[in-house]
Amino acid sequence: MSDCLFCQIIEGRIPAAMVHQDDTLVAFRDINPQAPLHLLIVPRKHIASLNDLSPEDDALIGVLMRRAAALARAHGYEERGYRTVFNTNREAGQTVFHIHLHLLAGRSLAWPPG
Ligand code: AMP
Ligand code: ZN
């Protein structure tokens, strides 16, 4: 999608601090980090929100979650802990309509979230 920010990052048309790339997904640092480690794990496939998932995406979501765990481990947060979040639509604060899994770590994260 040419007008999608994350599609443009995936295509290399907008720079990002990449930490991982493979055939299925990319992961890069959030430009406005909310924790010492704040990564976005983004499938190459454009899907606007969780509301737009289809059964054929089931394996893709598993791949995103396992990559989040691998990146948390690689950055030393496997034991301390970390949070993984998909925001969906207005009241959850979704601002980019290409699904992305937030990975947050490196500080105590309040619960319930704000
Ligand atoms: P959400 O609010 O869940 O849709 O998350 C979108 C996230 O994308 C926010 O945390 C933003 O800080 C982040 N973001 C926006 N533009 C960029 C960018 N150019 N590079 C990296 N992260 C970005
Ligand atoms: Zn997109």
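Structural notes, computed from the coordinates. Quick caveat: nothing in here was measured; it's all calculated off a predicted structure.

**Points about the overall build of the protein chain**
A count of helices and strands for the protein chain gives two helices and five strands. In the protein chain, the order of α-helices and β-strands from amino to carboxyl end is α-β-β-β-α-β-β. For 114 residues, the compact-globule estimate of 2.2 N^0.38 gives 13 Å, and the C-alpha radius of gyration of the protein chain, at 14 Å, lies within 12% of that figure. Reported as C-alpha extents along the three principal axes, the dimensions of the protein chain are approximately 35 × 30 × 30 Å. Counting across all 114 residues of the protein chain, residues that qualify as buried make up 36%. Pairs at least 24 apart in sequence give 54% of the contacts found in the protein chain among residues at least 6 apart. Surface accessibility of the protein chain: about 6900 Å² in total, with carbon and sulfur atoms responsible for 51%. Of note, the protein chain has its 11 positive side-chain charges centred 8 Å away from the centre of its 12 negative side-chain charges.

**Re the coordination of the zinc ion (ligand 2)**
Protein-derived coordination of the zinc ion (ligand 2) comes from Cys4 (SG), Cys7 (SG), His46 (ND1) and His98 (ND1), at a distance range of 2.0 to 2.3 Å. Between the four donor atoms coordinating the zinc ion (ligand 2), the angles at the centre fall across 105 to 118°, so the site counts as tetrahedral. Taken in chain order, the donor set of the zinc ion (ligand 2) reads C-x2-C-x38-H-x51-H. For the pair Cys4 and Cys7, one class covers both residues: buried.

**Section: the layout of surface pockets**
One number sums up the size of the largest pocket: a volume of about 680 Å³. Lining the largest pocket are 31 residues, and of these Asp30, Gln34, His38, Asn87 and His102 sit closest to its centre. Examining the composition of the lining of the largest pocket, we find that three residues originate from one element, helix H1 (residues 5–10), more than from any other. Class assignment for the residues of the lining of the largest pocket results in 17 nonpolar, 10 polar and four charged.

**Observations regarding the sheet that holds strand S4 (residues 83–85)**
Ordered by their spatial adjacency, five strands build an open sheet running S1-S2-S3-S5-S4, and the pairing between neighbours is antiparallel. A single partner strand is all that each edge strand has here, and the edge strands are strand S1 (18–21) and S4. Averaged over all pairs of adjacent strands, the angle between strand axes in this sheet comes to 20°, irrespective of strand direction. Bridging between S1 and strand S2 (residues 25–29) involves three bridges; their strand directions are antiparallel. Within the sheet, the bridge partner assigned to Met18 lies in S2 and is Phe28.

Rules of the game
- Residues numbered from 1 in each chain as written.
- Chains lettered and ligands numbered in written order.
- Predicted model: local features only at pLDDT ≥ 70, side-chain atom pairs only at ≥ 80, totals over all residues.
- Heavy atoms only, no water.
- Helix = DSSP H or I, 4+ residues; strand = E, 2+ residues; numbered from the N terminus.
- Rg over C-alpha atoms; globule rule 2.2 N^0.38 Å.
- Buried < 20%, exposed > 50% of the residue type's maximum accessible area, 1.4 Å probe, protein only.
- Contact = heavy atoms within 4.5 Å.
- Areas by Shrake-Rupley, 256 points an atom, 1.4 Å probe, with all protein chains shown as cover.
- Lys, Arg positive; Asp, Glu negative; His and termini not counted.
- Charge placed at Lys NZ, Arg CZ, Asp CG, Glu CD.
- Donors = N, O, S within 2.8 Å, 3.2 Å for Na, K, Ca; no water.
- Tetrahedral: all angles 85-135°; square planar, octahedral: opposite > 155°, others 65-115°.
- 1 Å grid on protein atoms, 1.4 Å probe; cavity = no way out; pocket = protein on both sides within 12 Å on 5 of 7 lines; lining within 4 Å.
- Points joined across faces, edges and corners; volume = space filled by probe spheres on them.
- Nonpolar A, V, L, I, M, F, W, Y, C, P; charged D, E, K, R; others polar.
- Pairing = 2+ DSSP bridges.
- Axes fitted to C-alpha atoms, helices over the stretch in contact; angles between N-to-C directions.

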